[in-house]
Amino acid sequence: MTTRHENEVVAEEDAGRDELTAAAVTIGRRGLLRAAALGTLGVGVLGALTETLVAAAEPATTTPSGPVKQWCMIIDLRLCNGCKLCTTACQTAHYLHEDQTWMNVYTMTNAAGEDYFMPRPCQMCEDPACVPVCPVGANFRTPEGLTLVDQSKCIGTRICMNACPYDARYFNWSDPVPAPRQPFKQEPEWPVPQVKGTVGKCIECAAMLPTGQLPECVTNCPMGVLYFGDLTSDAAVNGMGATVKISTFLAENDAIVFKEEYGTHPRVYYIPGHGQDLNNNSSAS
Amino acid sequence: MTDVIIPNVGRDQSSPQETDLRAVAMRPVLETPRWWWPSIGVLTVIVLGGIAAWIYQVANGLGTAGYNDGAFWAIYEANLVTFIGVSYGGAVVSAILRLTHAAWRAPLTRIAEATALVTLPIGMVFIIPHLGDPSRIWELVWPPYWNLTSPILWDFFAVSTYLLATIVFFYLPLVPDAAIALERFDDEVPSTRVKVRKSLYRVLVGRFGGTPYERRRLNGAIGLIAIMIIPMAVSVHSVLSFAFASSSRAGYMETILPVYFVVAALYSGVALVVLTVAASRKLFHLEAFVTPRHFVRLGFLMIAFGAAYLYLTFTEYLIDGYSGTAGASAWVYQIVAGRYAIPFWIYFVAGGIAPLFIMMFRRFRTTSGVVVASFLVVAALWIKRLVIVIPPATEPLVNSPLAKGGVLAGNWGTYHFTWVPISITIAATAAIPLLLLVVFRFVPILSMAEMEELAEGHEESGTLEVGA
Ligand code: SF4
Ligand code: SF4
């Protein structure tokens, strides 16, 4: 687990929260899934498949050599005015249908009954719920901490849409919006155009990052709500050019993660302003 | 095959046409009733219509089936569960009644096993329209692609194993029957029809000679499969529920779901067996062997499962509704009082209360009463599957409904029924009688050997109703 140290970064400013419990829940779930997989293996499948199992259970999380960027996003809810320019910028860049809101701006209600806006990209979970459920291993996690979809593998069962607690996944129910020649190869890091009959979601503009560009939504937010950053170097920047030291910024502003109790360990941190609790109990049962 | 043991059951009855077991069992194989070809024609056209609708869907995307991001699972997933579920009826009538030595089962086993044999593959076929990209379905059978932590893959393994068991369970009791049929064919004019069946039966019989030793071994094997198929069927329906339950969505994430699926499968499965037995009885004149008492017994079996199902439904909704957590309460309220209330109450009345009511009173507990009840159960349990599958798939996960002003609020997704999945569903339904008609054109509709053996008086001959 190369990702634990960033977790601790968050744990510090989440001092009031029961970080330990959340971690324990997650480990329990992963462990259980692995045990279940081994059980299946023991019952029905021959030992020759062990390698497949290991490969499937550990999607691309092996320790890389040298410092690796660990991408993250910070969303300052105090500033969002609900203009949804992030949504449309994302859709334009990735040639998405109107209802494919990879960056969705929800109108939420706070404890005082007032509306506020909440942008929701993929939370790039450290323990994603969407990855283990895919029967053909089309979802995977990159060493930089991005959860991506391999649309050349996806068969369209949609069980990942069932699993994601953040409704972050969008299906291609019809032919995708046609796209002109792209500056990047069509691959999980830049799935443009989308593929009919497969699942798509926010990729944190993975292909643009090595070129030094910020994600489209971050660049296009006129309010500077969205920060994009690297946990390894502890720095993040928003579309207005403001740079922050992630650890202190999160700690000073009491940052939270969405649905922490699900144990997914998102790498999207929210800064709540005025009693915004993200309705954190919205689906717990 | 002249050394086949042929007990003399039913042969010395007064009206040989109606009560000669072998004649009745073989009649659908040897004669073509006037309605046969027209029925095959109509059913085939309906099935082809479904295939055409599917081709349209492949060309234009799953959106044409009414799906959207606010309702990612709906009718196909419900159909998958429904059709695989009804196939359980064959296992229960045949295996459970065999293991409990309920001799009255004998005239029903072949029909029940055939029903399982045809409904299970039809259910599995729903994997295809369910997939967004069916052209890559081969990834499910190609090990390098397998991700063994996926419940869908568990489903796939479980259902495939169950299919194999169902085929074996259909085949084994057929072996002595094929031997009997083969021998009977010696007296027939060797038309093409007879010749084709003769070569089929020769393959089915293999080296089975019908000696008492072989019969004992065969019965041992059937008993073993009967024992194996019960835990197998339980696990299949449980694992089927895992695909839903292994999530954090209220309504799917239910510990009760596996049990719920198993009981629903038993309930609707017995109901479908009643329907196929009733239809076969009418169409192939099995009245001498399948009596009204059979229907009443099946009816009692059915409502026992029905009552259990009602109890599970009540438990689930009461506890989740009572919990007060936003997701679970909102989901229950939407079902009992909100946007899913109409289908839910249709299930409750038609699939929960009415069958109990029909079976409760002697006046309604007739053959037609049981058939009506079974029809209601099959239809209502399909609706109930929609009520299980659709609400959680349309649940808003980001906006808390409670924060939005009460359990009935929130931005719920909507599934729109379109002609595409409806045509495919009707086609799948038509495929059941179509395939059964074809099956019974090749194999005896009653398991002759089993009935004769029982009539010879070894097991509980007192309760046996052969020729009664
Ligand atoms: S937010 Fe959803 S889609 Fe994104 S990584 Fe987490 S579980 Fe997967
Ligand atoms: S990071 Fe890129 S893909 Fe994700 S929401 Fe923003 S623009 Fe869309």
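Above this text sits the structure in question.
Since this is a predicted model, take the numbers as computed values, not measurements.

What counts and how
- Residues numbered from 1 in each chain as written.
- Chains lettered and ligands numbered in written order.
- Predicted model: local features only at pLDDT ≥ 70, side-chain atom pairs only at ≥ 80, totals over all residues.
- Heavy atoms only, no water.
- Core = buried A, V, L, I, M, F, W, Y, C linked by side-chain atoms within 4.5 Å.
- Buried < 20%, exposed > 50% of the residue type's maximum accessible area, 1.4 Å probe, protein only.
- Helix = DSSP H or I, 4+ residues; strand = E, 2+ residues; numbered from the N terminus.
- Contact = heavy atoms within 4.5 Å.
- Pairing = 2+ DSSP bridges.
- Near = heavy atom within 4 Å.
- Nonpolar A, V, L, I, M, F, W, Y, C, P; charged D, E, K, R; others polar.
- Phe/Tyr/Trp six-rings, centres within 6.5 Å; stacked < 30°, edge-to-face > 60°.
- Axes fitted to C-alpha atoms, helices over the stretch in contact; angles between N-to-C directions.
- Parallel < 35°, antiparallel > 145°, perpendicular 65-115°, else oblique.
- Left-handed = near helix turned anticlockwise from the far one by under 90°.

1. A few points about the nonpolar core
In step 1: Core analysis: the biggest nonpolar cluster contains 178 residues, and Tyr67(B), Tyr76(B), Tyr201(B), Tyr309(B), Phe440(B) and Leu446(B) have the highest contact counts within it.
In step 2: If one sorts the elements of this core by residue count, helix 12 (residues 257-283) of chain B sits on top with 16 residues.
In step 3: Beyond its immediate stretch of four places on either side in the chain, Tyr76(B) contacts Gln57(B), Leu62(B), Ala65(B), Tyr67(B), Phe126(B), Pro129(B), His130(B), Val420(B), Pro421(B) and Ile424(B).
In step 4: In this structure, Cys90(A), Met118(A), Cys217(A) and Val218(A) belong to the second largest nonpolar core, which totals 45 residues.

2. Remarks on the sheet that holds strand 12 (residues 268-271) of chain A
All names here are of chain A.
In step 1: One open sheet accounts for 6 strands, arranged 10-9-8-1-12-11; its pairing is mixed. The two strands at the open ends of the sheet, each matched to only one other strand, are strand 10 (243-245) and strand 11 (256-257).
In step 2: Relative to strand 8 (residues 226-230), strand 1 (residues 71-76) runs antiparallel, the two sharing 5 bridges. Directly across from Ile75, in strand 8, lies its bridge partner Leu226.

3. Points about the site of ligand 2
Residues and elements named next belong to chain A.
In step 1: Contacts to ligand 2 come from Met73, Cys90, His94, Trp102, Met103, Cys202, Ile203, Glu204, Cys205, Pro215, Glu216 and Cys217.
In step 2: Mapped by element, the contributors of at least two residues to the shell around ligand 2 are helix 4 (85-94) and helix 6 (216-220).
In step 3: Its residues assigned to classes, the shell around ligand 2 comprises 9 nonpolar, 1 polar and 2 charged.

4. As for the side chain of His130(B)
In step 1: Looking at the secondary structure, you find His130(B) in helix 7 (residues 127-130).
In step 2: The exposure class assigned to His130(B) is buried, which follows from its relative accessible area of 9%.
In step 3: Those residues within four positions of His130(B) in sequence are excluded, and the remaining contacts are Gly156(A), Thr157(A), Arg158(A), Leu62(B), Trp73(B), Tyr76(B) and Glu77(B).

5. Concerning the packing of aromatic side chains
In step 1: Applying the stated criterion across every chain, the model contains 38 aromatic pairs over all chains.
In step 2: Both rings, one in Tyr166(A) and one in Phe258(A), keep their centres 5.3 Å apart while their planes meet at 50 degrees; by these two values the pair is tilted. Linking Tyr166(A) in the loop between helix 5 (159-163) and strand 6 (169-171) with Phe258(A) in the loop between strand 11 and strand 12, this pair joins segments that are 92 residues apart in sequence.
In step 3: For Tyr166(A), a relative accessible area of 1% translates into the label buried.
In step 4: A connected cluster of aromatic rings, assembled from ring pairs, spans Tyr260(B), Tyr267(B), Tyr309(B), Tyr317(B), Trp331(B), Phe344(B), Trp345(B), Tyr347(B) and Phe348(B).

6. Considering the packing of helix 5 (residues 88-99) of chain B against helix 6 (residues 106-125) of chain B
Residue and element names in this part refer to chain B.
In step 1: Here helix 5 crosses helix 6 at 140 degrees, and the two axes come no closer than 7 Å. With respect to their mutual orientation, helix 5 and helix 6 come out oblique. At the point where helix 5 passes helix 6, the crossing takes the left-handed sense. Each of Gly90, Val93, Ser94 and Arg98 in helix 5 lies in contact with helix 6, whose residues at this interface are Leu108, Thr109, Ala112, Glu113 and Ala116.

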